[in-house]
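These are the residues of each chain, in order.
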Amino acid sequence: MARPPTAKQVIQARKAPKALCEEFWLLVGRRQGRIWYARRIGRCVGEPATVGFDGLAVLEREERKHDVLGFLHTHPTSAATPSRRDLHTMRAWTSAFGKPLLCIITGTDGLAGYLFADDRSRGWPLLTVEAFPRGVIIGVEADGG
Ligand SMILES: [Zn+2]
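So, how was this worked out
- Residues numbered from 1 in each chain as written.
- Predicted model: local features only at pLDDT ≥ 70, side-chain atom pairs only at ≥ 80, totals over all residues.
- Buried ≥ 20, exposed ≤ 12 C-beta atoms within 10 Å, placed from the backbone.
- Helix = DSSP H or I, 4+ residues; strand = E, 2+ residues; numbered from the N terminus.
- Contact = placed C-beta atoms within 7 Å.
- Pairing = 2+ DSSP bridges.
- Right-handed = clockwise from strand over helix to strand, strands pointing away.
- Axes fitted to C-alpha atoms, helices over the stretch in contact; angles between N-to-C directions.

**Comments concerning helix H2 (residues 55–65)**
Part 1: For H2, the tally of buried residues reaches only 0 of 11 residues, placing the bulk of the element at the surface.
Part 2: His66 occupies a position one or two residues after H2 and carries a positive phi of about 50°.

**Digging into the environment of Ala38**
Part 1: The residue Ala38 is located in strand E2 (residues 35–46) in this model.
Part 2: On the neighbour-count criterion, Ala38 (28 C-beta atoms within 10 Å) is buried.
Part 3: For the pair Ala38 and Val136, spaced 98 residues apart in sequence, the C-alpha to C-alpha distance is 5.8 Å.
Part 4: In this view, Ala38 contacts Leu27, Val28, Gly29, Leu69, Ile137 and Gly139; residues no more than four positions away in its chain are not counted.

**Some words on the pairing of strand E3 (residues 68–74)**
Part 1: Counting buried positions along E3 yields 7 of 7 residues, so the element is predominantly enclosed.
Part 2: For E3 and strand E4 (residues 101–107), the ladder comprises 5 bridges, and the chain directions are parallel. Within E4, the position partnered with Leu72 by the bridge is Ile104.
Part 3: As for the winding sense of the linkage, the β-α-β connection from E3 through helix H3 (residues 84–97) to E4 is right-handed.

**Some details on the pairing of E2**
Part 1: In this structure, strand E1 (residues 22–32) lies alongside E2, joined through 10 bridges in antiparallel fashion. Within E2, the position partnered with Leu27 by the bridge is Arg40.
Part 2: In this antiparallel pair of consecutive strands, E1 and E2, the connection spans 2 residues, and Gly33 shows a positive phi of 60°.
Part 3: Direction of pairing for E2 relative to strand E8 (residues 136–140): antiparallel, over a ladder of 5 bridges. For Arg39, the partnering residue across the bridge sits in E8 and is Val136.

**Some points on the sheet that holds E3**
Part 1: The strand order across the open sheet formed by 8 strands is E6-E5-E4-E3-E1-E2-E8-E7, and the pairing between neighbours is mixed. Taken across any chain shown, the strands that pair with only one partner, and hence form the sheet edges, are strand E6 (124–125) and strand E7 (128–132).
Part 2: Each of E3, E4 and strand E5 (110–116) is contacted by H3, which is oriented at about 155° to E4, the strand it contacts most.

In structure tokens, the structure reads:
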């Protein structure tokens, strides 16, 4: 019979796999008034806060199709609220695109979405955001957002 793991082993096991599996997608689709119809594409996996992805490809996609709505990523070990880095990243993208973008996060407390209107935005929470099969995400802005 195997010996039960030590407290140290348990702590390491909890940290290791989760900390390395933040996921990231680009959201494309269209916006009609307060409703955002998005589809997630181009999944990337990386370490939290350093999820690497092809920024140039994102800009090229927007230039070609004008359908980039924002980004979806996971917080495997924290709540679905934008981190400091998320704020910086979203402001930079909003500035680069010259249009509002969505930051959707899947956290330990579920799914949440934030609208970044410009490069000074702190992220306005969406009224509701829901995930559907085949990578479809629908977000609804709150009144007066
Ligand atoms: Zn984040």
